[in-house]
Structures are given as structure tokens and as C-alpha cells.
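# Residue-level structural notes
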Amino acid sequence: MLRLVHSPLPKVHTGLTHSSAFQIEDSQVSYKSAHGTWMFELYGTHIMKTTFRPHGYLHHEQISNAVIQKPTVNNRVVVHEQEQVIEFGSIAKISLQDDKYAYQFGNQENNRLAEYFSLHECKGFRFQLEKDEQIFGGGERALPMNRRGYRFNLYNSPAYGYAEGADNLNFSIPFIISSKGYGLFFDNPSRGYLDIGKTNAGVLEAGFTSGELTYYIINGNSIDEILRHYTYLVGRQPIPARWVLGNLMSRFGYRSEEQVKQILAKMKEEDFPVDAVIFDLFWFGDSIRNCMGNLDWANEQAWPDPARMLNDLKEEGIKTVLITEPYVLMGTKSYSESKPYHAVSCDNETYTLTNFYFGFGGLLDLFRKDTQDWFWTKYKKQIENGVTGWWGDLGEPETHPHDMYHNLSDLGYHRLFRADEVHNIFGHYWNKMLFEKYQEEYPDTRLFNLNRSGYAGSQRYGIFPWSGDVHRNWSGLRAQLPVMLGMSISGVPYIHADAGGFAMGERDPELYTRWLQFATFTPVFRPHGTALGDADPFAAHIESEPVFFPDPYKSIVRRYIQMRYDLLPYNYTLAFQQLKEGKPLARPLFYYDLDDSNLLKAEDQFMWGDHLLVAPVLHKGTTERRLYLPKGEWYKFNSNVKIRGGQWITELVDINNIPLYVKAGAFIPTTPGLKNTEAYSTDALNITYYPGQRSSSFTMYDDDGKTNESWKKSAFELLYFEAAVEETRYRIRISSNGGSFENKPVLRKISMCVPALNRKPTAIKINDRFVPVYVGHAKDGNSAEAVWNPATASLQIACQFAGTLQSIEIIK
């Protein structure tokens, strides 16, 4: 296994001669080979950067801003000129031979070989793969989690109606993780590819058409550790506003204010929690085609007073999100004024798209500051009207001809760049623009940017990417697991799908129900699909909202949406874990353990955080679900039945539920009955502790759910739950870091549930005082008491928490 070890890093002078092939300057060691120059730098003790600059290579610009850290300056470097070896203290050792080299980390016995190559229009690197090595990541792919044996493009590509097997989708990330304990990040946004043992079974090949030839080796003993180092390098996602984790009502698309309000009223009447309405392209036009670029409300009959409508929805606790695109079409309101800001041809003339699905027009050159400033004026008008968040569509860009050029002079480059040179980072700079404009003009707002494309590091700009125009069928549903998990371990944590499916297909209540059950445990819950009516009579018209489905499906979906709202304290804490440590919200089973081969085989299930195991039902008519429980003990979420892990099991299923398990030792916080996050409060907090055989703990994050960068302003609180397991008792402690925020509860009423206790405890102590233990139901209604229910074999303990340490002792 590759690994880096910690060591002191004082600088060592090597006494190199002026004629040496090696040079040391600050943090960088370079070596001149026959075909170019190798450059090596360390970023701390877990990351090494390698760059190769071939002789005569002209387009070696680095237009990516993905990396936000600086190299380690005071490295302990020793160069052995005769042997052509570089030693970075005890951290890394590099042995060079012209355009090849072998690298070794820490106490690793075997060298791993790497080399530069140039083939046709591509240049890049090749790496030796071990026989049993597996490779994960690479961004959005509907492929098996182990991508070894595949060759796919590094080129953001829309795929209408895709399903399983789609290898090139909207969001490529040139970052992969090996089962041998290292990651590789190729920081090059030009058109490229990864060939992971397809052409040559023992070779990983990464090729690019332009740009600096750079990669970073990132070491760690697990996916978790590698991802923590990678996200340290490129950034992590800020905590979203709490409403983002609610139910976002959406379809393609709402045609009028009246329609929106009618459907919303129906959702509330039928007791469905909801937090937002998302407006697709009909807000700026009545047709799918030839309206893109109006960038304003277009039909006064459909939308008579947008500002009033937005305010009305706000008064109901409903947030609003508008779609935008980077294309401006001929004949729209903004076309003439936008033309100076369009991408151009090679002779610097405005480029007119003539093969774009939505109409003739231009693509905004969002690398230019003046273009960004102009585009922002259109955003700001709607923000002032009351819009809460944004949806950026077609940002791959969807249509991006090879002979289109972009102006990167504001990035310090004074030539025009071909579309293929900048394609993969176009959406990233759009994300950056919106994030930074909000920072400048709305610094107290947590940005919601629902988008479809970007690059490594885009997550730090507050993006919530969806997985594109997936087919509304069972294969489309199954495709979402590798897409979500592949993106999650590529550092993009809020990937999600158009729940229920987007394109084509037929009305299938079973599929819809299974998809929304799965979506309950994904980063964003947003049912969305085509329901176009007469706007496109050839497209499937299937409503996305659950109120339009019959029972029992409607009631089942209602229960799962309510479950998502109940779990908000847990889910919101997952967002904090992402910010603090780079952990994705959805995690493959092998996230912490690459040694158990069964975890690698169980690709159709995943962990939601560290404590909930989700096994979605992915085939029509399923009555049995085979799944793997990792080592340890697990509880069935719906029945609290305890099962031994480390085995494959088969569970009987019906339409009412999907298999859901809780890891023994977990604390799961909930706030039952919430219908809108505006009413969220932890003044009454339910905590379920699932007893394990070992001590365990959980840290819950709480703040006001809206203040931007509350984590930097110390406007938050951490609640600590700890359990010590002894032969005769459980000792549970509740404490706080003492943090504070607006409307923080002064006193919390804690209801602690402990399931799977087959007999009444001998006694219960709270803060060393015995409290009454009742059977069946409480009698006194005291602030501190316990009830053991023999029918459910569970214990309910009531106590109050005012911020000082609370101890609960359950004597068996």
C-alpha cells in the first residue's frame, strides 16, 4: 500500500553544480530529461505534485484554480545526482530515468512506475497498475464502481435519457482513487481521457489535448483518508441553508402562477412537507425553443406580478429557485445587449450557434469579467424581486463547437483558447462567478446553486449538481447509485437525481415510489420530470409531485418524505462533516475498509452517513432483497430487530419499505412531525441510541440554518452524545461545546429512546439521581422519568438539557 509518513521538514542544501540536471528552488525540485523537465513538490506529508513540461510544448498554461493550498516550502530534500534519485526526507523517494520514474512513499517496499507519453494530439502520463488493483471515481459515470477495464472521456457531456452503462456524463472529475491506498488528481481541464487498463490491462493512461501536464499523488489508508487530503487540496462544500435538505417541488415545467399555487396548496392539503418551488424555463417564455436569453419574466398573463408571487410564497415559508442558462438566443430580450459578451470565432468575431437545440444564438464567455458583470445584473434583478436560489442548466456547455474560442485575458492569458481547451472548466467558472457575486453583494446568504456541470473544486462554490436527464425507467434508477457514489468519492458531495426519472418512460407508480424511497437518503430530494402538456405533446406528461399518484403509493411516499424531515438533525450534521473533514453524505460500503471484498461487491447499497445503511429496491416486482451487512451488529430501522453483521442476508420486501439498517452504537437525532424547515427547532429533540458492544459517540451540529459562514463566526453549537458500555450498565453523557446562535433553545427537552431491551432495567439514574421507571406509559409527566414498553422492548427516558453535562445511567 502506498503511504506517506510524517517527518520534520528542515531545508537541506545539496551543493548541486550549475551544470546539474537537477535544480532546487524553494519548494520545487526539477530534473531536465532528454525530452523535457520534470518538477516535483510536496503539499504537506500526504500529497506530491508532479509536472512535466516537454520541449517545444507551447500550450502549457494552467487555467485551473482547483488547488487552493500552497506547496510546503521547507522540505528536507536530498538529491543523489549520480543515481538520479530525489529524497524528500522520509516522505518520498523518486528514481528518475529520462521520461520515466519510479516513486516510493514512506516504508513502501515496491516502487510504482510512471512515465510521460505523447501520442497524436494527446500528451499525458502512464502508470503501472497492480494485478488486483481497483480504481474508483472519475466523476459522473453510470458504470460499476470499479472503473478498471474502462476507457472514458474527460469531457463534460449531456446524455438525454441515459441509463446504466452511460460512461460519459455531465460532470467529469479527473480524480481517481486506488484500492491500493492512493489517489491521483490530474489538474488539467482540457479535453482528455482516462484509460484504466482497457487498452493495456496493467496500465492506467491519462491523456490531454492542451494545458499544463500536472498530477497530484494523494496518499491514505482508506477512501475516507484520501478524500480528506484531496478536499484539503481543492476545497470542501459550505453547509447549505437548512431548507435545501427539505422537499423541493419541481417539474418541467410550471406554466403559470395559478398552476404553482394550486399544486402547492394540494401538497399542503394532503400533508406533504415542502420547502421550495423550482421554476423551469417557462418563467422566461411560453415555448421550449427560441426563448432562452430573455432572462426575465415574459408572459404577463401567466405571471402577472412575479415580485408579489415570490413574496406570497415566502410568506408561506416556500423558497423559490429560477433556472438560467449561459446561452442567449436571437430574438430574445437580451440578445442585442449580450452580443459583445459572446464567445467568438478564431478571427475574434461573435460566434453564432446554428446547431443548438433551443435555437440560433450565442454562448456567454463567462471567463471574462465584463461578461460576468453583465450576466450578474440579470440575476440581481430577480434576487431583488425575492428569488431565493438558482438553477444553472446546460453548463457543460451543452453545445460547444471545437471552432469556438474564449478570451481568458482576465486570467492573465493573452491568446484565444479553443473550446476544447476550456470546456471542462466553463461550468466551474460560472459557479465561481455566482458564488463570489453573492459573497460581495449578499454576504449573509448561503447560496443555493443547482447545477449540472463543473470541475474539481467546484464544490467549494456551493453547488448542488443533479445527474442530468436520466431515463424514467428502472435502469435509470439503478444508474443513480454508481453516479451518486462515484461523484461522492470524487469530492462532489451533493450530487442527486431527478427523483422519479426525467425523460420518456411511462407512468409507473411502483417505480416512482421506489425512486423516492431511495431519494430520501440522497443529498437533495427533488422529484422532477417532464410534464409539458401542450408545450410538447410528444414528450411524456407525468407529474413529479406525489399528490398526483394513487394510494397506496402516495401514502408511502408521504411517509418517506416525512422521514427525511424527521432526520433533519442527522442530515444537517452530515453537511457539517463534509465541511469539517470532506466526508460525502452518501458513502460506499467500502469507504472505511478496502480489505473486506464483500464491501466492494455490494455496489447496490450504501451508507447514509456513518450510521444508516440503505439498500434501495431497484427492480420491478421485487419481493426479496439480498444485501450485505458489514462486520458488527445492526438494527432494522423499522422494527429494531438486531442482526449480526459480516454476512449476506436476504430480506423479504414489499412496496411499503426498503431495507434500512442502523449501526449498533449509533445515536440518531430526530425532530418528528416537521412540515417546513422554517419551523425547525431542537428545543424538543428525540435521540435514539442503538446499544452496541463497544463505547460510541456522535457529535450533532446545530445553528440557525441560514447565517452564512456561521461556522466561522462561532454562531453554532455542537452537542456531544457518548455511550460507555459496561457489563451491568450503559452510561450515556450529553454535553455541549457551549456555542450559541440566534434563537438557540435555552432548554432542550430530550427524549432518549433505547430499543432492543428485552426486560425492564433494574434502575435509571439521571445526574446520579434515581428516576422512576414505569411500564407501558408515563404516570407523572415528570421532566426526568423513564418508561419501559414491553410490547416494543424499548426504553424511553425524558430529561432536560440546558447546556451543562447530563449523565444517564441505565442499570441492566
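Residues numbered from 1 in each chain as written. Predicted model: local features only at pLDDT ≥ 70, side-chain atom pairs only at ≥ 80, totals over all residues. Heavy atoms only, no water.

### Points about the overall build of the chain
We count it as follows: By definition, any uninterrupted DSSP run of H or I lasting at least four residues is a helix, any uninterrupted run of E lasting at least two residues is a strand, and each is numbered from the N terminus. Computation of the radius of gyration draws on C-alpha atoms alone. For the globule rule, the value is 2.2 Å times the number of residues to the power 0.38. When accessible area is computed with a 1.4 Å probe and restricted to protein chains, residues below 20% of their type maximum are described as buried, those above 50% as exposed, and intermediate ones as partly exposed. Contact between two residues is taken to exist if any of their heavy atoms lie within 4.5 Å; hydrogens are not considered. Each accessible area is a Shrake-Rupley estimate made with a 1.4 Å probe; only the visible protein chains count as cover when residues are assessed. Only four residue types enter the tally: Lys and Arg on the positive side, Asp and Glu on the negative side; His and the chain ends are excluded. In this description, the location of a charge corresponds to atom NZ of lysine, CZ of arginine, CG of aspartate or CD of glutamate.
Helix and strand counts for the chain come out as eleven helices and 46 strands. For the chain, the C-alpha radius of gyration of 28 Å lies close to 28 Å, the compact-globule estimate for 812 residues. Projected onto the principal axes, the alpha-carbon positions of the chain cover approximately 90 × 70 × 50 Å. Residues classed as buried in the chain amount to 63% of the 812 residues present. Within the chain, contacts between residues at least 6 apart in sequence are counted, and of these 70% link residues at least 24 apart. Summed over all atoms, the accessible surface of the chain reaches about 29900 Å², with 47% contributed by carbon and sulfur. The average position of the 84 basic charges and that of the 94 acidic charges among the side chains of the chain differ by 5 Å.

### So, the pattern of salt bridges
The criterion, for reference: Only one rule defines a salt bridge in this text: a Lys or Arg side-chain nitrogen within 4 Å of an Asp or Glu carboxyl oxygen.
Tallied over the full model, the rule gives 53 salt bridges. Note that Lys380 and Glu441 form a salt bridge whose closest N and O atoms lie 2.5 Å from each other. Of this pair, Lys380 sits in helix 5 (residues 369-385) while Glu441 sits in helix 6 (residues 419-441), placing them 61 residues apart in sequence. The shortest N-O distance in the salt bridge between Glu421 and Arg418 comes to 3.9 Å. For Glu421, a relative accessible area of 4% corresponds to the buried category. Exposure remark for Arg418: the relative accessible area of 27% places this residue in the partly exposed category. One continuous salt-bridge network, built from bridges that share partners, spans Arg242, Arg446, Asp702, Asp703, Glu717, Lys744 and Arg748.

### Looking at empty space enclosed by the protein
Heads up, the condition is: Here a cavity denotes grid points, spaced 1 Å and computed from the protein atoms alone, that fit a 1.4 Å probe unable to get out, and a pocket denotes an open set having protein on both sides within 12 Å along at least 5 of 7 lines; residues with an atom within 4 Å of a point are the lining. Grid points are joined across faces, edges and corners, and a volume is the space filled by probe spheres set on the points. Residues are sorted three ways: Asp, Glu, Lys and Arg are charged, Ala, Val, Leu, Ile, Met, Phe, Trp, Tyr, Cys and Pro are nonpolar, and all the rest, Gly among them, are polar.
Inspection of every chain in the model, using the stated rule, returns six cavities of 30 Å³ or more. As a volume, the largest cavity reaches approximately 90 Å³. Forming the boundary of the largest cavity are 15 residues, of which Arg472, Gly500, Tyr512, Ile542 and Phe549 lie nearest the centre. Looking at the lining of the largest cavity residue by residue, the classes come out as five nonpolar, five polar and five charged.

### Remarks on the layout of surface pockets
As a volume, the largest pocket reaches approximately 950 Å³. What lines the largest pocket is a set of 32 residues, and nearest its centre among them are Trp243, Lys319, Glu678, Gly705 and Lys706. Mapped onto the lining of the largest pocket, the elements with two or more residues apiece are helix 3 (306-315) and strand 20 (319-324). For the lining of the largest pocket, the class distribution of residues is twelve nonpolar, nine polar and eleven charged. When its volume is computed, the second largest pocket comes out at roughly 720 Å³. Lining the second largest pocket we find 27 residues, and of these Lys631, Gly632, Trp634, Lys663 and Ala664 sit closest to its centre. Among the elements of the structure, strand 31 (633-636) and strand 37 (696-702) are those that each provide at least two residues to the lining of the second largest pocket.

### Things to note about the packing of aromatic side chains
For clarity, the threshold we go by: Stacked, tilted and edge-to-face are the three classes assigned to paired rings of Phe, Tyr and Trp, where Trp is represented by its six-membered ring and a pair needs centres within 6.5 Å; plane angles under 30 degrees give stacked, over 60 edge-to-face, the rest tilted. Only lysine NZ and arginine CZ atoms are considered, and such an atom sits over a ring when it is within 6 Å of the ring centre and within 35 degrees of the ring normal.
Going through the model one piece at a time under the given rule, you end up with 58 aromatic pairs. Seen in terms of ring centroids, Tyr101 and Tyr103 are 5.8 Å apart; in terms of plane orientation they differ by 50 degrees. Their pairing is tilted. Tyr103 shares its class with Tyr101; the two are buried. A connected cluster of aromatic rings, assembled from ring pairs, spans Trp38, Phe40, Phe52, Tyr101, Tyr103, Tyr116, Phe125, Phe127, Phe186, Phe208 and Tyr215. A cation over an aromatic ring shows up here: Arg242 above the ring of Tyr572, its NZ or CZ 4.4 Å from the ring centre. Positioned above the aromatic ring of Tyr730 is the side chain of Lys812, whose terminal nitrogen or guanidinium carbon lies 4.6 Å from the ring centre.

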